[in-house]
Amino acid sequence: MRYSNKLFSILLAALLCVPLSGCVFLVVGGVGALGGYAVSRDTFEGVSSKGQEELESAAHKVLSIMGTIIDEEPKEGEIQAIVDGTHVTVDVIQVNLTTSKLRVKARKDFLPRIAVAQEVYTKIMNQLE
């Protein structure tokens, strides 16, 4: 019994030394960095001279090749898919008659996957050429 009390006091002292030695910023900063990363930008977007229907068609083709389409709302111009275990949302927004905006958002769990978003965006734009 005496040994466990001594071990408990040593562990308690060690845990108290970290925040009292000025490392509280490391502890709080580490948690803050994860929170900042989770809410950082996860979207890759650009403007195309193609129409909304052309972009939607290209996005549908690329997403069906790269992954699995789980939801498609053509009236809203939104397609949701799973690509490499990442939840990808593609939005096609018509700016005017000949110009549309393509927005690709990619997240895995709560963390952004900008590389996946950029890869999907690039393949959609290459499909239009």
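Residues numbered from 1 in each chain as written. Predicted model: local features only at pLDDT ≥ 70, side-chain atom pairs only at ≥ 80, totals over all residues. Heavy atoms only, no water.

S.K.: Pulling in residues and values, what's your account of the nonpolar core?
M.R.: Within the largest apolar cluster, 21 residues are counted, with the highest numbers of intra-cluster contacts made by Leu63, Val88, Val90, Leu102, Val104, Val120 and Ile124. For this core, the secondary-structure elements that each account for two or more residues are α2 (52–66), β3 (78–83), β4 (86–94), β5 (100–108) and α3 (114–128). Excluding residues within four positions of it along the chain, Ile124 makes contact with Leu55, Ala58, Ala59, Val62, Val90 and Leu102. (Core = buried A, V, L, I, M, F, W, Y, C linked by side-chain atoms within 4.5 Å. Buried < 20%, exposed > 50% of the residue type's maximum accessible area, 1.4 Å probe, protein only. Helix = DSSP H or I, 4+ residues; strand = E, 2+ residues; numbered from the N terminus. Contact = heavy atoms within 4.5 Å.)

S.K.: I'd love a proper account of α2, names of residues and values included.
M.R.: Counted at 1.5 Å a residue, the expected span for α2 with its 15 residues is 21 Å, and the 21 Å between its end C-alpha atoms agrees. Buried within α2 we find Gln52, Leu55, Glu56, Ala58, Ala59, Val62, Leu63 and Met66. In an axial view of α2, the angular spread of the buried residues amounts to 165°, which keeps them on one side of the axis. Away from the buried face of α2 by more than 90 degrees, exposed residues Glu53 and Ile65 are located. Residues of α2 that are buried make contact with β1 (43–48), β2 (68–73), β3, β4, β5 and α3. (Expected span 1.5 Å × (residues − 1). Arc of directions from axis to C-beta.)

S.K.: Give me the lowdown on the environment of Glu53, citing residues and values where you can.
M.R.: Note that Glu53 resides in helix α2. Using a relative accessible area of 70% as the deciding quantity, one classes Glu53 as exposed. As for Glu53 and Gly77, which are separated by 24 residues in sequence, their C-alpha atoms are 8.7 Å apart.

S.K.: Give a detailed account of the pattern of salt bridges, specifying residues and quantitative values.
M.R.: Oppositely charged side chains are able to pair whenever their charged atoms sit close together. Taken as a whole and assessed by the stated rule, the structure comprises three salt bridges. A salt bridge links Lys101 to Glu45; its shortest N-O distance comes to 4.0 Å. Here Lys101, found in strand β5, pairs with Glu45, found in strand β1; they are 56 residues apart in sequence, far enough to count as distant. Measuring nitrogen to oxygen at the nearest pair gives 2.9 Å for the salt bridge that ties Arg103 to Glu45. Of this pair, Arg103 sits in strand β5 while Glu45 sits in strand β1, and the two are 58 residues apart along the sequence. (Salt bridge = Lys/Arg side-chain N within 4 Å of Asp/Glu carboxyl O.)

S.K.: For unusual backbone geometry, give the residues involved together with the corresponding values.
M.R.: Even without a glycine there, the phi angle at Asp84 is positive, about 50°. Relative to the assigned elements, Asp84 resides in the loop between β3 and β4. By relative accessible area, Asp84 is classed as exposed at 59%. In the Ramachandran plot, Asp109 falls in the positive-phi region, its phi being about 60° despite a non-glycine side chain. Tracing the backbone through its elements, the reader meets Asp109 in the loop between β5 and β6 (111–112).

S.K.: Describe α3, listing the residues and the values that go with them.
M.R.: Here α3 spans 21 Å end to end across 15 residues, near enough to the 21 Å set by a 1.5 Å rise per residue. Buried residues along α3 sit in contact with β1, α2, β3, β4 and β5.

S.K.: If you had to explain the packing of α2 against α3 to someone new, which residues and values would you point to?
M.R.: It is at 9 Å that the axes of α2 and α3 come closest, and there the two elements cross at 125°. Judged by the inter-axis angle, α2 sits oblique to α3. Remark: the crossing between α2 and α3 carries right-handed chirality. Residues Glu54, Leu55, Ala58, Ala59, Lys61, Val62, Leu63 and Met66 of α2 form the contact with α3, whose own contacting residues are Glu119, Val120, Lys123, Ile124, Met125, Gln127 and Leu128. (Axes fitted to C-alpha atoms, helices over the stretch in contact; angles between N-to-C directions. Parallel < 35°, antiparallel > 145°, perpendicular 65-115°, else oblique. Left-handed = near helix turned anticlockwise from the far one by under 90°.)

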